[in-house]
Amino acid sequence: MVEELTLEVEGSEVTGFSGCNGYFGTIVEDGDETTFTEVGGPEAWCEDTEVMALEAMFLNDLVSFAWNTSVDGPTLVLVAVVDGPSIAVPTELTFEEQP
């Protein structure tokens with residue numbers, strides 16, 4: 001079972017849980033677009049190889065795209081800014097505020 005992926009923003013710093021490990025990075029807002037840079041964390045092995053693959057995809061996507069962001073109450077929605085042909089990766093990430 002996969003634990004929920006998380007994303008926490010504090011100023012220009014971002015932290016969260018990516019499936020197996022915690023991660024950290026920097027968030028840069030430029031007009032309507034948000035990018036994530038300097039994303040990293042421990043590379044501890046995870047028992048479930050599918051979860052490890054999900055983690056790698058999530059972190060790769062986080063830094064590979066610019067994102068349009070919106071907040072709807074307790075929900076943060078990131079939608080990838082994609083130019084050109086459709087891509088075969090998730091282009092929307094949704095995070096719910098946790099108590």
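As the structure is a computational prediction, the values presented were derived from the model and not from experiment.

Visitor: Any details on the overall build of the chain? Residues and values, ideally.
Guide: Scanning the chain from terminus to terminus reveals one helix and seven strands. Counting every position in the chain, which comprises 99 residues, the buried fraction comes to 30%. Counted over contacts in the chain with a minimum sequence separation of 6, partners at least 24 positions apart contribute 33%. Carbon and sulfur atoms form 52% of the exposed surface of the chain, whose accessible area is close to 6,500 Å².

Visitor: For the nonpolar core, give the residues involved together with the corresponding values.
Guide: Leu-7, Phe-36, Leu-62, Trp-67, Leu-78, Leu-93 and Phe-95 are the most contacted members of the largest nonpolar core, which has 14 residues in total. Where this core is concerned, the elements lending two or more residues are β3 (22-30), α1 (49-64), β6 (75-81) and β7 (92-96). Looking at this core element by element, the count peaks at three residues for β6. Leave out the neighbours within four places in its chain, and Phe-95 touches Leu-5, Thr-6, Leu-7, Phe-58, Pro-74, Thr-75, Leu-76 and Leu-78.

Visitor: If you had to explain the state of the cysteines to someone new, which residues and values would you point to?
Guide: What is meant by a disulfide is a covalent connection between two cysteines, made through their sulfur atoms. Scanning all chains against the criterion turns up one disulfide. Between the sulfur of Cys-20 and that of Cys-46 lies a disulfide, 2.3 Å long from S to S. Linking Cys-20 and Cys-46, the disulfide has an S-S dihedral of approximately -90° and is accordingly described as left-handed. Note that Cys-20 is positioned in the loop between β2 (13-17) and β3 and Cys-46 in the loop between β4 (33-40) and α1, a separation of 26 residues in sequence. On the accessibility criterion, Cys-46 (15% relative accessible area) is buried.

Visitor: Residue-level account of α1, with values.
Guide: Taking 1.5 Å per residue as the helical rise, α1 with its 16 residues ought to reach 22 Å, and the 22 Å between its terminal C-alpha atoms agrees with that figure. Here α1 has its buried residues at Val-51, Glu-55, Phe-58, Asp-61 and Leu-62. The buried residues of α1 occupy an angular sector of 140° when projected down its axis, which confines them to one face. Sitting at the amino-terminal end of α1 is Asp-48, which places a side-chain oxygen 2.9 Å from the backbone nitrogen of Glu-50.

Procedures and definitions
Residues numbered from 1 in each chain as written. Predicted model: local features only at pLDDT ≥ 70, side-chain atom pairs only at ≥ 80, totals over all residues. Heavy atoms only, no water. Helix = DSSP H or I, 4+ residues; strand = E, 2+ residues; numbered from the N terminus. Buried < 20%, exposed > 50% of the residue type's maximum accessible area, 1.4 Å probe, protein only. Contact = heavy atoms within 4.5 Å. Areas by Shrake-Rupley, 256 points an atom, 1.4 Å probe, with all protein chains shown as cover. Core = buried A, V, L, I, M, F, W, Y, C linked by side-chain atoms within 4.5 Å. Disulfide = S-S within 2.5 Å. Expected span 1.5 Å × (residues − 1). Arc of directions from axis to C-beta. Polar contact = N/O pair within 3.5 Å; in protein donor to acceptor, adjacent residues only side chain to side chain.

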